[in-house]
Every structure is written in C-alpha cells, then in structure tokens.
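Coordinate analysis (summary)
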Amino acid sequence: MVIADNIKKSFGSLEVLKGINLHIEKGEVVSIVGASGAGKTTLLQIVGSLDKPTSGKVFIDGTDLGQLSEKQMSDFRNKHIGFVFQFHQLLPEFTALENVMLPALIAGKSKSQAETDALELMSFLNISNRKEHKPSEMSGGEKQRVAIARALINRPSVVFADEPSGNLDSQNAEELQKLFFSLRERYGQTFVIVTHDMHLASMCDRMIKIKDGLVEL
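What you are looking at is a predicted structure, and each value in this text was computed from that prediction instead of being measured.

Some remarks on the packing of aromatic side chains
- Applying the stated criterion across every chain, the model contains four aromatic pairs.
- Between Phe83 and Phe85, the aromatic rings sit 5.9 Å apart at their centres with planes inclined by 10°, giving stacked as the arrangement.
- According to the relative accessible area criterion, Phe83 is buried, its value standing at 15%.
- Measuring from ring centre to ring centre gives 5.9 Å for Phe124 and Tyr187, while their planes differ by 75°; the resulting arrangement is edge-to-face. In this pair, Phe124 is assigned in helix 4 (residues 111-124) and Tyr187 in helix 6 (residues 170-187), connecting sequence segments 63 residues apart.

In structure tokens:
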C-alpha cells in the first residue's frame, strides 16, 4: 500500500532523512517511533504527500506521487489519503457533521450521499449524538473522533496519523488506540501512526524506529 524508496530530505545543509526505505501492506497498522528530531514527522509528511523529498520516490497504492501534477496530487490526496493530527484541525464554524462531510463534498459526492456516509461513520465511532455540535462544544476525545471520521469519509487507501493521542488524557488515548483496530476490522483500513506513546506503538502490527534519519534495523 505504501512504498518509500530511498527517501532523503534536506533543509539547507541539514540532512533530516538520509535514505528511508519502507514497505507497508494493505490493512497494516504500523507505528513510527523515535526521539524528537529523528525525522518521524518529516517522513510522515513526505509519504503523506504534504511535502516532497529531496530525492527518492513514494508510491501509494501503486501510484508514483512524484509523477503527479499539483492538481492531480490534490485530487489523489482527497480521495486516497486521510490525515489525523494531534490538534484535530476541525473547522470551528462548522458542526461535527459538516466537518466530516467536507472531504466528501470536495470529492464530488452529493450532499445526501456525503451525509449518509458521514452519519454511518459517526455512528460507528459513537458520536452521532454530537453531530449538530461545533468543536468548541465537544471534548478532546470527541473532537478527535470527528477528525477520524473526516479522515475516513472517502474510504482512503491509507490514513496517516501524527501523534493522534498526544493531546488526550489516558482514558481517551486508550479508547482511540482501540478504535484504530476496530476501524481496520470494519473497513480494512491501513494506518501509519507517528507516536511517542509506546503503549500505542507496541499495539500495532509493526513498529518502525527512526534514528538519525534512518530506519533502525
């Protein structure tokens, strides 16, 4: 599902990634761990199409991201890639339901289909009762569930999560961790999770350790 082939990334004279190779299978839940500054988030942004490598190639579901134009990349990202961030990034002026529906509407789904799909996900995530609430009216755990529903609305090939439990208390973090595996069972979803939470990391199918810009073998 995800292939990173000799990914290098430099910022000026600073080489952050020094030749990363990854193969992640469809339906895997994989964690990426390492000390602060090891290059985890940089790697996630590159394999998630939010940044470009200095050299190397990224393939998602057989598509070479480096061959796509900006317009093609935007379309591909919308339909094939989901993102979950530490600080949920919900739009404050929209309700939970509207936030979840937004990527589906951008992808060209009808409003009725987007709403049906959003409500199905929100029901599975136990947040249907919050559908008319705005982010300011929800708890941290509820907001993160809305963010996950939004990431899944277009049934993406892969979901990339950057410290998804980092802003949650221990109970909500534990529930979120279990949720990823429930979603994998329900939808066959592939997850790539950058985390400092070693409990979450150890629950995953595989743990990939990044040290000094390389995969630690």
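Description of empty space enclosed by the protein
- By the definition in use, this model includes one cavity of 30 Å³ or more.
- Approximately 30 Å³ is the volume found for the largest cavity.
- As for the largest cavity, its lining consists of Gly141, Gln144, Arg145, Leu168, Asn172, Glu175 and Leu176.
- Elements with a contribution of two residues or more to the lining of the largest cavity: helix 5 (140-152) and helix 6.

Brief notes about the sheet that holds strand 7 (residues 158-162)
- Strand order in the open sheet made by the six strands is 6-7-8-3-9-10, with mixed pairing throughout. Every interior strand has two partners, whereas the edge strands, strand 6 (81-85) and strand 10 (214-215), have only one.
- Here strand 9 (residues 206-211) runs beside strand 10; their pairing, made up of two bridges, is antiparallel. Along strand 10, the bridge assignment pairs Ile210 with Val215.
- Along the sheet, helix 2 (residues 70-80) contacts strand 6 and strand 7; its crossing angle with strand 6, the most-contacted strand, is approximately 70°.
- Contacts from helix 6 reach strand 3 (29-33), strand 7 and strand 8 (191-194) within the one sheet, and its direction differs from that of strand 8 by about 165°.

Quick notes on the rules
Residues numbered from 1 in each chain as written. Predicted model: local features only at pLDDT ≥ 70, side-chain atom pairs only at ≥ 80, totals over all residues. Heavy atoms only, no water. Phe/Tyr/Trp six-rings, centres within 6.5 Å; stacked < 30°, edge-to-face > 60°. Buried < 20%, exposed > 50% of the residue type's maximum accessible area, 1.4 Å probe, protein only. Helix = DSSP H or I, 4+ residues; strand = E, 2+ residues; numbered from the N terminus. 1 Å grid on protein atoms, 1.4 Å probe; cavity = no way out; pocket = protein on both sides within 12 Å on 5 of 7 lines; lining within 4 Å. Points joined across faces, edges and corners; volume = space filled by probe spheres on them. Pairing = 2+ DSSP bridges. Contact = heavy atoms within 4.5 Å. Axes fitted to C-alpha atoms, helices over the stretch in contact; angles between N-to-C directions.

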